[in-house]
Amino acid sequence: MLTQFSITNYPTSIKPTQEFCVEGYFLFPNAYTIKSSFPVEIETKDKITLFNKYDVFAKVICFKPTTLLPESKQYTLNLSYLNFPNPTVFQKDLTITTQEYPDIMDVRFTEEINNNQILEFSIDYSGNHLNYFINLEDYEAPCNQESSTILCDISSLSLIQGYDYDLKLVSKYNGVLIKELKIIPVQIRTAVQIEKSSIKNKSVLQDKNIYEIDITLNKEILNTYNISIRDDSDGEVKLESSVVGNLLAIYPKEEFKQNTTYYLKLNDLTGLDGSTLANEYVLEFSIDDGPKISWTNISNSFSTSGNIVLAFNQDIKNPQNIKNYVKIDSSTNYSYSIYKNQVTINPSSSLGFCKKYTVSLAKGLVSNTGLIASSGATYSLKTTCKRTVSIGTSVQGRSIYAYYLGSGSKKIVFFGSMHGSEANTKTLLNKWVTELENNTDRIPSDKTIIVIPTLNPDGIANLSRFNAHGVDLNRNFDTPSWVTGTYLKTDFYPTGGGSAPFSEPESKDIRDLLYRESPYLTLSYHSAAGYVIPTNSSSAISKAYSYSQLSGYTYVNPGAEGSFSYDITGTFEEWAEGRGYNALVVELSSAYYDQFLQNSRAMWKMVEQ
Ligand SMILES: [Zn+2]
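How each quantity is defined
Residues numbered from 1 in each chain as written. Predicted model: local features only at pLDDT ≥ 70, side-chain atom pairs only at ≥ 80, totals over all residues. Heavy atoms only, no water. Helix = DSSP H or I, 4+ residues; strand = E, 2+ residues; numbered from the N terminus. Polar contact = N/O pair within 3.5 Å; in protein donor to acceptor, adjacent residues only side chain to side chain. Contact = heavy atoms within 4.5 Å. Disulfide = S-S within 2.5 Å. Pairing = 2+ DSSP bridges. Axes fitted to C-alpha atoms, helices over the stretch in contact; angles between N-to-C directions. Donors = N, O, S within 2.8 Å, 3.2 Å for Na, K, Ca; no water. Buried < 20%, exposed > 50% of the residue type's maximum accessible area, 1.4 Å probe, protein only.

Points about the side chain of K382
Now for step 1: Its place among the elements puts K382 in strand 31 (residues 377–382).
Now for step 2: Only 3.0 Å separates the side chain of K382 from the side chain of E437, close enough to count as a polar contact.
Now for step 3: If we skip the residues at most four places from it in the chain, K382 touches S299, N300, S301, F302, K355, K356, E437 and T440.

Some points on the state of the cysteines
Now for step 1: All told, the structure shown has 3 disulfides when counted by the stated rule.
Now for step 2: Paired by a disulfide, C21 and C62 hold their sulfur atoms 2.0 Å apart. For the disulfide bridge between C21 and C62, the dihedral angle about the S-S bond is near 100°, and by the sign convention the bridge is right-handed. One end of the pair, C21, is in strand 3 (residues 20–27); the other, C62, is in strand 6 (residues 54–65), and 41 residues separate them in sequence.

Thoughts on the sheet that holds strand 31
Now for step 1: Across the sheet, which stays open at both edges, the 3 strands sit in the order 27-30-31 with antiparallel pairing between neighbours. Lying at the two open borders of the sheet, with one neighbouring strand each, are strand 27 (326–328) and strand 31. Looking at each pair of strands side by side, their axes are set apart by 15° on average, direction ignored.
Now for step 2: Alignment of strand 30 (residues 356–361) against strand 31, held across 6 bridges, turns out to be antiparallel. Considered in strand 31, the bridge of S360 is made with T378.

Looking at the coordination of the zinc ion
Now for step 1: For the zinc ion, the protein coordination sphere consists of H419 (ND1), E422 (OE), E422 (OE) and H526 (ND1), at 2.0 to 2.4 Å.
Now for step 2: Sequence spacing among the residues donating to the zinc ion works out to H-x2-E-x103-H. Residue E422 is found in the loop between strand 34 (410–415) and helix 2 (423–438), and its partner H526 is found in strand 38 (residues 521–527); the two are separated by 104 residues along the sequence.
Now for step 3: In this structure E422 comes out as buried when scored by relative accessible area, which is 7%.
Now for step 4: Residue H526 is classed as buried on the basis of its relative accessible area of 3%.

These values are about where atoms sit, not about what they do.
Put into structure tokens, the structure is as follows:
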């Protein structure tokens, strides 16, 4: 018979996730009806069973809630026997209160953790129904529960090494948040990083034999990792490797191939502190192709007595027979020397004047590390067509050079830098010499072109309009107007015209050149008034017109210098006119730029017409 005295012990307070038991003396326990305001499974224990079949007596009835119970709430559990109608005798109400849900007791890790770590917590009691998770914003890592220990593998959160996070430990029931147990600030340890490698990324190596590649890491690492070196067609290079502290040494066990790119890949590297390599490390490097010419002095104006220099992008094996690879045409004999990356070819006899040659390099040349040139190269060499003549010497002993191109009987003279402060005329005329050298076929056969870029080398050297005697060369010519004292605007120079007409070597030198060569036209370059002014002859005037049209400089009538506000005396142009020479004064319109492009068309016109 069930009476209130049959129950000897029951919990007035239960944990909402745990089973609980009622102790007493229960006859024929299967005949009980248990009414519960929450769903439970029932199990009887400490039983006496007859014939292995009939439970006749039990001392314990245990109740296991099949759903999560609310926390801190009262329940009534009603036990009745055979639904007997008399509640006072055959029924018993047990009033039970649920406790709070489990809370965190202990965090069993330090603030600094790895992003693949399993975080361990303890809770104050274990139970069913509740699941635990680590939450980070919208991401969630599930935890396992082993009695009152919660283990959370956070690797699925993909936390970034070196960053700080606030992780949240929560409990859930059927996917619904029950409780936020704790916010845990953590610092994820910095990743394993490559600090340097003995081969720089994307470097081009000029050696097929690499015996060791060292990779230095920011921290000590475990001796477990994946490493490979493959070429661009996925061929793998045999290698060995070893770790000492934070140094990973890789020993390739075979020769690399020239003209091939390799990728060293490193994965699954772990620091002693448990941190990992954030991303696959890839070191790209290439083995160079064989020697290639990186520079040569071969030009369009090569000296007939010059040595040909071939500089390569890598050092050249020495000795080796260069004559197997380098030919000048097919017949020019030469000696040679090798120094580091440079091969110097010394022709046995002078090259012909103003002549074209072909310098060819065949494949096969060997570098000092054994790389073999896989391709050749061909260069066109033209020996200089200009004859260089010193027409005299300046006050300070500098040579005044004239360059002759062409060999016709009709001669034209270009000269510049009569005023040393007008150095852009020198630059212009040097470019004009190069232009002529590069286009010798264009020089008419009946013409000789004489170019003197620097009539006043002392003035150029001293950044002065005047020569080294302080004489304005363009006031030193023997003309009716010549005087020793000259003006430049309002400045008076007592000896600007020189001590006498042609007292200066530079003015004499250009005078004598004109005496010798009797040019059909002479052009004297100045800057920066931007005009062209001819001597007073129909030939010079028509040439000045076309120079003006092609250059854009203003045409100015002969003798217009007389209209200047100050006296201009003893000039080259006055002298030239008096001697019957056709001459143009060309004033560039810039004091700085050589204006080569706008002058070259006009200069060619002067030569070709
Ligand atoms: Zn000038």
